[in-house]
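Per-entry structural report
Here is what each chain is made of, one letter per residue.
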Amino acid sequence: MILKKRGEPLKLFALESLHRRLPPRHHMKEKVFSELRKEKTGLKGEKEVDFALRFLNQRHYFILHNIRLKDEFGAFQLDTLILSNRFLLILEVKNWYGTVIFGENGQVTRVGDDGVEEGFSNPVAQAQLQQHRFMQWLQARGIPNITLHFLVVISFPSTSIKSHSLEYPLPKPVIHTNQILFRIQDIEKVYRQDLFTQNQLLKLSKHIIEAHKDTMLNVLDAYNV
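Residues numbered from 1 in each chain as written. Predicted model: local features only at pLDDT ≥ 70, side-chain atom pairs only at ≥ 80, totals over all residues. Heavy atoms only, no water.

A look at the packing of aromatic side chains
- Under the definition given, this model contains 3 aromatic pairs.
- A ring pair is formed by F51 and F55, whose centres lie 5.3 Å apart and whose planes are at 85°; its orientation type is edge-to-face.
- What makes F51 partly exposed here is its relative accessible area of 45%.
- Consider the rings of F134 and W137, whose centres lie 6.0 Å apart with planes at 20°: the pair is stacked. Placement of both F134 and W137 in helix α3 (residues 123-139) is noted, with a separation of 3 residues, approximately one turn of the helix. (Phe/Tyr/Trp six-rings, centres within 6.5 Å; stacked < 30°, edge-to-face > 60°. Buried < 20%, exposed > 50% of the residue type's maximum accessible area, 1.4 Å probe, protein only. Helix = DSSP H or I, 4+ residues; strand = E, 2+ residues; numbered from the N terminus.)

Given below as structure tokens:
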């Protein structure tokens, strides 16, 4: 059951409006168009993930999208949080297309359809940090001993995921969207003891939603136009 939806893509709407308003030769036109394209790609990726999550038993899982929480270090975001009676699961979603190559030093390279390479930090390390911060956040609120997992989800099934070398296999948490259901089933087989009743799980979900911090968006200020 989805308890917190993703919400309206406000940045996408704002960028579309800004792109229409800017004259063709404005110095920010190309940058705004590039950001607009990224936002549209992200929206498509979210739809891929949402379709995969439809196959989960809606009575057994609570789903929260785009949760932004605060701790002593500032704010951190969970793209999707799945709660069950036995475990919690963070989905770190990457809307990458083309070919994604995981290197042995933690570097990730994306090769686009145009052959251009772009480097990224390792999403597994990023997800591990989110997992750690969320665990600390829960413990600070008297919710210890939580079984908390994470997966890095490459949203587009057409994206090729490779390892730079056969000596360094792909990180196990990295999956395509069409593997979400089956990976969750694998986790279920390991944890068979309930940590929460359904009412306790619902209470925890509502507590997280109430703690969610929205961000204020001002695209005009961000692009100095």
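From this point, things continue past the structure.
Examining unusual backbone geometry
- Even without being glycine, N66 reaches a positive phi, approximately 50°.
- Looking at the element boundaries, N66 is found in strand β2 (residues 62-71).
- The phi dihedral of N145 is positive, around 55°, even though this residue is not glycine.
- Locating N145 in the fold gives a position in the loop between α3 and β8 (148-154).
- On the accessibility criterion, N145 (69% relative accessible area) is exposed.

Quick notes on the nonpolar core
- By size, the foremost hydrophobic cluster in this structure holds 33 residues, and its most contacted members are L81, L83, L88, F134 and I208.
- For this core, the elements supplying multiple residues, two or more each, are β2, β3 (74-83), β4 (88-94), β5 (99-102), α3, β8 and α5 (198-211).
- Among the elements that take part in this core, α3 stands out by supplying 6 residues, more than any other.
- With residues near it in sequence (within four places) discarded, L88 still touches L81, I82, L83, F134, L138, I146, T147, L148, H149, L201 and L204.
- L56, I82, V153 and L181 belong to the second largest nonpolar core, which has 18 residues in total. (Core = buried A, V, L, I, M, F, W, Y, C linked by side-chain atoms within 4.5 Å. Contact = heavy atoms within 4.5 Å.)

Some thoughts on the sheet that holds strand β9 (residues 160-163)
- Ordered in space as β7-β6-β5-β9, the 4 strands form an open sheet in which the pairing is mixed. Among the strands making up the open sheet, the edge pair consists of β7 (117-120) and β9. Put simply, the sheet's adjacent strands are angled 25° from each other on average, direction ignored. (Pairing = 2+ DSSP bridges. Axes fitted to C-alpha atoms, helices over the stretch in contact; angles between N-to-C directions.)

Examining the pattern of salt bridges
- Scanning all chains against the criterion turns up 6 salt bridges.
- Across the pair D194 and R86 runs a salt bridge, and its minimum N-O distance is 3.5 Å. One end of the pair, D194, is in the loop between α4 (180-190) and α5; the other, R86, is in the loop between β3 and β4, with 108 residues separating them in the sequence.
- Looking at D194, the relative accessible area reads 48%, which means it is partly exposed.
- With relative accessibility at 28%, the residue R86 sits in the partly exposed group. (Salt bridge = Lys/Arg side-chain N within 4 Å of Asp/Glu carboxyl O.)

Side note on the sheet that holds β8
- Pairing is mixed in the open sheet, where 6 strands are placed in the order β1-β2-β3-β4-β8-β10. With one partner strand each, in any of the chains shown, β1 (2-4) and β10 (174-176) form the two edges of the open sheet. Ignoring strand direction, the axes of neighbouring strands in this sheet form an average angle of 35°.
- Two strands pair when backbone bridges link them, and β3 and β4 are joined in this way by 4 bridges, in the antiparallel orientation.

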